[in-house]
Amino acid sequence: MTMAPPTGTPGTPGTTARGVAGGLGESARRPDGGPKVRGEFAFAGDLWADGMLWGATLRSPHAAARIRSIDVGPALAIAGVATVVTAADVPGSANYGLEERDQPVFAADVVRYAGEPIAAVAADHPETARRALAAIVVDYELLPPVTDPELALTGEPLHPDGNVFRHLTIRHGDPTARGPVVVEGTYEIGMQDQAFMGPEAGLAVPAEDGGVDLVVSTQWLHNDRDQVAECLGLRPDQVRLTLGGVGGAFGAREDVSLHVHICLLALRTGRPVKVVYSREESFLGHVHRHPARIWMRHTAEPDGTIVSFEARIVLDGGAYRSSSYHVVANASCFAAGPYRVPNAHVEGLGVRTNNPPCGAMRGFGAVQVCFAHEGQMDKLAAACGIDPVELRLHNALDHGDHLLTGQRIDGTLPVARVIRETMALPLPEPAADELLSRPGAAGRTTDAPHVRRGIGFAVGFKNLMYAEGYMDGSEAACVLVDGLATVQCAAAEVGQGFVTLAQQIARTVLGVERVLVAPAETASMGSAGSTSASRQTWMSGGAVEQACLAVRDQLLAHVASTLGCAAADLEIVGGAIRSVPGAALDVDIAVEDAAPGVPFEARRVFHHRVTLPLDADGQGDAHVSMACAAHRAVVDVDPELGLVRVVQLATAQDVGRALNPLSVLGQIEGGCAQGVGLATMEELVLEAGKVRNASFTDYLIPTALDMPEVVTTLVEEPEPGAPFGAKGVGEPPVISSTPAIVAAVRAATGVDLTRVPIRPQDVALADRPR
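Reading the values: rules and limits
- Residue positions are given per chain, counting from 1 as you read along its sequence in written order.
- Local features in this predicted model are restricted to residues whose pLDDT is 70 or higher, and side-chain atom pairs enter the listing and the counts only when it is 80 or higher, whereas totals over whole chains, interfaces and linings include all residues.
- For the side-chain quantities, the full set of heavy atoms in the structure was used; hydrogens and water were omitted.
- Numbered from the N terminus, helices here are DSSP runs of H or I no shorter than four residues, and strands are runs of E no shorter than two.
- Given a helix with a known number of residues, its expected span is that number minus one, times 1.5 Å.
- Throughout, exposure labels follow a simple rule: accessible area from a 1.4 Å probe, protein chains only, divided by the maximum for the residue type, with under 20% read as buried, over 50% as exposed, and the rest as partly exposed.
- If DSSP finds at least two bridges between two strands, the strands pair.
- Looking down the strands as they point away from the viewer, one classifies a crossover as right-handed if the path from the first strand across the helix to the second runs clockwise.
- Counted as salt bridges are all cases of a side-chain nitrogen of Lys or Arg within 4 Å of a carboxyl oxygen of Asp or Glu.
- To get an axis, fit a line to the C-alpha atoms, keeping to the stretch in contact for a helix; angles then go from 0 to 180 degrees between the N-to-C directions.
- Two residues form a contact once any of their heavy atoms are found within 4.5 Å.

Caption draft 1: Quick look at helix α14 (residues 661–680). A rise of 1.5 Å per residue sets the reference length of α14, with its 20 residues, at 28 Å; its end C-alpha atoms lie 29 Å apart and thus fit the reference within 8%. Taking burial as the measure, the 20 residues of α14 include 15 buried ones, the bulk of the element.

In structure tokens form, the structure reads like this:
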């Protein structure tokens, strides 16, 4: 990856220490980086306990069925099988769910998707557990699966809660306003998987108080705890979760997966139980990105000024709700893209089907609509005879403008800047006549004269953190003794680098280099919320900052009392407590020597500003903040074979302030990889609701050889109200990278591509200009 110098004003808060190595603004090294590189890091799948049993889950092979009977006797008869549990054995609530408790722990009467859990076993060996699953006899009455969300909208209810998770309408401005230039289109997005490297895994240990201790890879410890406790019929304090090593998440670990099953098995057997999903089961056992069908119509003046916008967004939520309610909100609120739109009518629908459940995935909602609205912007530019980049600049949102929801942008949103700075980044060299640099590469299928190069552009934006009146918060604690700071927060480290950021904040605020990050758990810490929605830097970073500031104030007060001066006369600079300019006393004491043996500790909860629910017209101040990014893609295409090679992605991203530039670059590069995947190869293929490619052999993800050069510049405009002025950076890279790549393929081939991922036949068999 190449990076241009950051632009904008970094803005250093005046309440922090200065001159300590590894503080904010530096590319501090990850504390878990070395162990991971050396293969010494313990992921959840590496957990072990004496006397441990192995758990496994029986899943329905059918997308829709009634369960006539379940016979577990043959499984129990197998030597080494300790127990088998079904819906009848769940002692508490029969259902769980991230937002609504609509998903059964085990299907009892009805199966609603292929892969739904039916039973779970615990045995002395993984192979014994697998044989036990095969021995369970389930008598199914097959039903016709409803896999088309349009049919589900008008069909018989698939669930007592109905088939519509949310129907959101946004009305903005004059509904009758129209411009003379009209473009419309329908766009489709396939089902993308998060495809993290580490499958779901956990270890449950029964406790003496009748509760259970669970070490698990997750994104939201406290929400998981509450769901597990409800299903087990236990108090929340009897279910104690500790974060296991997480091998990636991207939204898929926000929902409960094996949690209730493994804890129930441990409590039934009185022994520790471990579960590790296979790769195939992982594809069945977590939510995916919502497939979408989106219709849009724009009208504009001849100079490209947008007059009106209409959209109908249908998201396939699969069998259970998960986070569909909020995915519909994001897709609807940001449907028009980062552009001024005075008049709009948007209809957003999240629909229940017999497809696998869909929920959170990086950039949820915004990814789907960005592909559509950027395709529309290119059509509008062509209709108006305007350069596509100039059209975007002409309509770009800025501070003081209003969203479709009527909310005024009162923070930073430098849309025009990210567009200009992306375009200013260098283009790649002309295509080299090398076999491996052509589309198809080592397949030796493409002849150099057939290669066509294309350039495409896209811009996207999304909200940061939760919205619509959700009272979000995060708790953190800090202890300082003899220059060693220990920070604790229940924020899930899923690879994004929060453990590094927590250390950097403590070093900066307290002026110490030695910082430990205690394990994330629920027994002694309050909730930090989910590691999702680009929120942990703001929310948990803010909580860590406040806890560290409180400890700093205690330390300065203690030293001031000892010296007989005012605490206001002291500050922490470069690892030392020193007197401020003009103070009566001349103080210069190393922080680690300032109060030998005296502990200073504080616990704080951080909240962002209040947001409001959307009203009946979809209007309201529902969002805390927003971030944007632009992407320019360069591709080489073999039109005859439909093969695509992404040569370069150039991007400028609005980051507020880069607290760890290297970590920001890692997020950008990773997001671009998922954008390349969605554009060119990644899709879960369903047939009658059944996943047909549940393996990394058949579900393709970009490898290092598929990744293009990524050229980046960071746009730094500190966000008012954000801790240290920083914005979350994880989601914008995946939002606009996909439509930029598709636009480049359109430019290279002349084919009006309206579906992702692009399949070879979409190009090779399409009618195109000659």
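Caption draft 2: Structural context of the pairing of strand β15 (residues 239–243). Within β15, 4 of the 5 residues are buried, which leaves it mostly tucked inside the rest of the structure. Where strand β14 (residues 212–216) meets β15, 5 bridges bridge the pair, whose relative direction is parallel. Each residue of the ladder has a partner; that of valine 215, found in β15, is threonine 242. Read from β14 through helix α5 (residues 221–232) to β15, the crossover connection turns out right-handed.

Caption draft 3: Structural detail: the pairing of strand β19 (residues 344–352). Of all 9 residues that make up β19, 7 are buried, and the element is covered over most of its length. Across 8 bridges, the pairing between strand β11 (residues 164–172) and β19 is antiparallel. The residue of β19 that forms the bridge with valine 164 is valine 351. In terms of handedness, the path from strand β18 (residues 306–318) via helix α8 (residues 324–333) over to β19 forms a crossover that is right-handed.

Caption draft 4: Spatial organisation of the pattern of salt bridges. Per the counting criterion, the structure on display carries 43 salt bridges. Here aspartate 89 ties to arginine 268 by a salt bridge, and the two come within 3.1 Å at their closest N and O atoms. Of this pair, aspartate 89 sits in the loop between β5 (81–85) and β6 (95–96) while arginine 268 sits in helix α6 (residues 259–269); the two residues are 179 residues apart in sequence, bridging distant segments of the chain. On the basis of relative accessible area, arginine 268 is assigned to the partly exposed category, the value being 43%. Residue arginine 240 is joined to aspartate 209 by a salt bridge in which the shortest nitrogen-to-oxygen separation is 3.0 Å. Of this pair, arginine 240 sits in strand β15 while aspartate 209 sits in the loop between β13 (201–206) and β14, and the two are 31 residues apart along the sequence. Given the relative accessible area of 40%, aspartate 209 is considered partly exposed. Within the structure, one salt-bridge network assembled from shared partners comprises Arg30, Asp32, Lys36 and Glu493.

Caption draft 5: Fine view of the sheet that holds strand β22 (residues 484–489). Taking strand neighbours across the sheet as the criterion, the 4 strands line up as β23-β22-β21-β27 in an open arrangement whose pairing is mixed. Both edges of this open sheet fall to β23 (514–517) and β27 (600–607), since each of them pairs with a single strand only. Going across the sheet, the axis of each strand differs from the next one's by a mean of 20 degrees, ignoring polarity. Bridge count between strand β21 (residues 473–481) and β27: 8 bridges; the pairing is antiparallel. Paired with glycine 473 across the two strands is histidine 607, which belongs to β27. Against the sheet, helix α12 (residues 498–510) contacts β21, β22 and β23, and its axis sits at roughly 140 degrees relative to β23. Helix α13 (residues 536–563) contacts β21, β22 and β27 of the sheet and is inclined by roughly 145 degrees relative to β27.

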